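One letter stands for each residue in the lines below.
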Amino acid sequence: MAQYAQYGQIVCCEDTGDYHLSAVYSNREPAYLAAFKHLATLKVRQIAILLSRNLEQSPTSSAIMAAYQQVFHHKPAEKLVIGGMTSFNDGYQAAKTLHARQSDIDCFFTNGDDIATGVRQYYLDQDLTSPLLFGQENQLSSFLLQFPTIDHHFFTVSQKAFEVALSTEHQKFSFESELIVPK
């Protein structure tokens with residue numbers, strides 16, 4: 001991509017490292033560590049992880065797995081990790097699949113609040129007690145249902161990315177993701 005910068009401003013929404021490209025992104029790793037440390041204090045042992053993309057495609061998925069391993073000192077059980085999760089229905093179907101596979105899941109760590117809400121709905125529909133839910137994106141659903149989430153400040157990131165796109169200067173901005181745990 002760097003070779004195309006001669007034609008105009010390119011703004012990446014991930015850290016571009018040493019490449020001479022502008023970047024505006026969320027620094028997610030500290031929030032992921034805080035999230036898994038929070039789950040460790042709650043003595044959560046069986047964590048299902050619902051990701052949007054697989055590890056080979058996604059620095060975010062890799063960061064989640066690295067944070068998990070750093071806190072729990074082992075990789076998550078492969079049978080409890082599912083990729084391709086982007087919607088309420090994906091969360092619902094994943095909960096159905098994982099509950100059939102292993103019924104003692106303590107927590108679902110999801111790629112988004114709507115995905116976590118889909119998990120919750122599956123458990124409600126089956127008259128089962130929902131495991132702890134953990135979302136991302138700080139959407140209305142996590143606020144109303146009072147489950148933890150991670151705010152990546154997407155609105156702020158997108159606003160700043162637009163500003164940088166309109167400039168001619170090479171710039172980098174990083175915004176810290178924030179763990180939100182309801183009281």
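Being a predicted model, the structure only gives us computed values, none of them experimental.

Q: How do you make sense of the overall build of the protein chain when you look at a structure like this?
A: Counting its secondary structure elements, the protein chain contains 6 helices and 9 strands. At 18 Å, the protein chain has a C-alpha radius of gyration in line with the 16 Å of a compact globule built from 183 residues. Taking the principal axes of the C-alpha coordinates as reference, the protein chain spans close to 60 × 35 × 30 Å. For the protein chain, buried positions account for 43% of its 183 residues. Within the protein chain, contacts between residues separated by at least 24 positions form 68% of all contacts whose residues are at least 6 apart in sequence. Surface summary for the protein chain: the accessible area is close to 10200 Å², and the carbon and sulfur share equals 52%. Where the 13 positive side-chain charges of the protein chain centre and where its 19 negative ones centre are 7 Å apart.

Q: What exactly am I supposed to notice about the layout of surface pockets here?
A: It is a probe the size of a water molecule, rolled over the atoms, that shows where empty space is left. Space inside the largest pocket adds up to approximately 450 Å³. Around the largest pocket sit 21 residues that line it, and C13, E14, S26, R28 and T60 are the ones nearest its centre. Only β2 (22–27), α1 (29–41), α2 (59–72) and α6 (154–166) provide two or more residues apiece to the lining of the largest pocket. Of the residues assigned to the lining of the largest pocket, the class counts are 7 nonpolar, 8 polar and 6 charged.

Q: Explain unusual backbone geometry to me, please; I cannot follow it from the model alone.
A: With glycine set apart, most residues show a phi of negative sign, and most peptide bonds adopt trans. Its identity is not glycine, yet H73 carries a phi of approximately 65°, on the positive side. Its location among the elements puts H73 in the loop between α2 and β4 (81–82). With a relative accessible area of 67%, H73 lands in the exposed category. Phi at E137 takes a positive value of approximately 100°, unusual for a residue other than glycine. In this structure, E137 sits in the loop between β6 (132–134) and α5 (140–145).

Q: I tried to follow the packing of aromatic side chains on my own but got confused; where do I start?
A: How two aromatic rings sit relative to each other is set out by the distance from centre to centre and by the angle between their planes. Inspection of the entire model under this criterion finds 10 aromatic pairs. Seen in terms of ring centroids, F36 and Y68 are 5.4 Å apart; in terms of plane orientation they differ by 85°. Their pairing is edge-to-face. Highlighted residues: F36 in helix α1 and Y68 in helix α2, separated in sequence by 32 residues. You can call Y68 buried: its relative accessible area is 2%. With a centroid separation of 6.2 Å and 75° between ring planes, the pair formed by F36 and F72 is classed as edge-to-face. On the criterion of sequence distance, the pair formed by F36 in helix α1 and F72 in helix α2 is long-range, its members being 36 residues apart. Side by side, F36 and F72 carry an identical accessibility label, which is buried. One aromatic cluster is present, formed by Y32, F36, Y68, F72, F109 and F134 through successive ring pairs. Between K160 and the ring centre of F173, over which it is positioned, the NZ or CZ distance is 4.5 Å.

What counts, and where the lines are drawn
Residues numbered from 1 in each chain as written. Predicted model: local features only at pLDDT ≥ 70, side-chain atom pairs only at ≥ 80, totals over all residues. Heavy atoms only, no water. Helix = DSSP H or I, 4+ residues; strand = E, 2+ residues; numbered from the N terminus. Rg over C-alpha atoms; globule rule 2.2 N^0.38 Å. Buried < 20%, exposed > 50% of the residue type's maximum accessible area, 1.4 Å probe, protein only. Contact = heavy atoms within 4.5 Å. Areas by Shrake-Rupley, 256 points an atom, 1.4 Å probe, with all protein chains shown as cover. Lys, Arg positive; Asp, Glu negative; His and termini not counted. Charge placed at Lys NZ, Arg CZ, Asp CG, Glu CD. 1 Å grid on protein atoms, 1.4 Å probe; cavity = no way out; pocket = protein on both sides within 12 Å on 5 of 7 lines; lining within 4 Å. Points joined across faces, edges and corners; volume = space filled by probe spheres on them. Nonpolar A, V, L, I, M, F, W, Y, C, P; charged D, E, K, R; others polar. Phe/Tyr/Trp six-rings, centres within 6.5 Å; stacked < 30°, edge-to-face > 60°. Lys NZ or Arg CZ within 6 Å of the ring centre and 35° of its normal.

Honestly, it's all geometry; don't read function into it.
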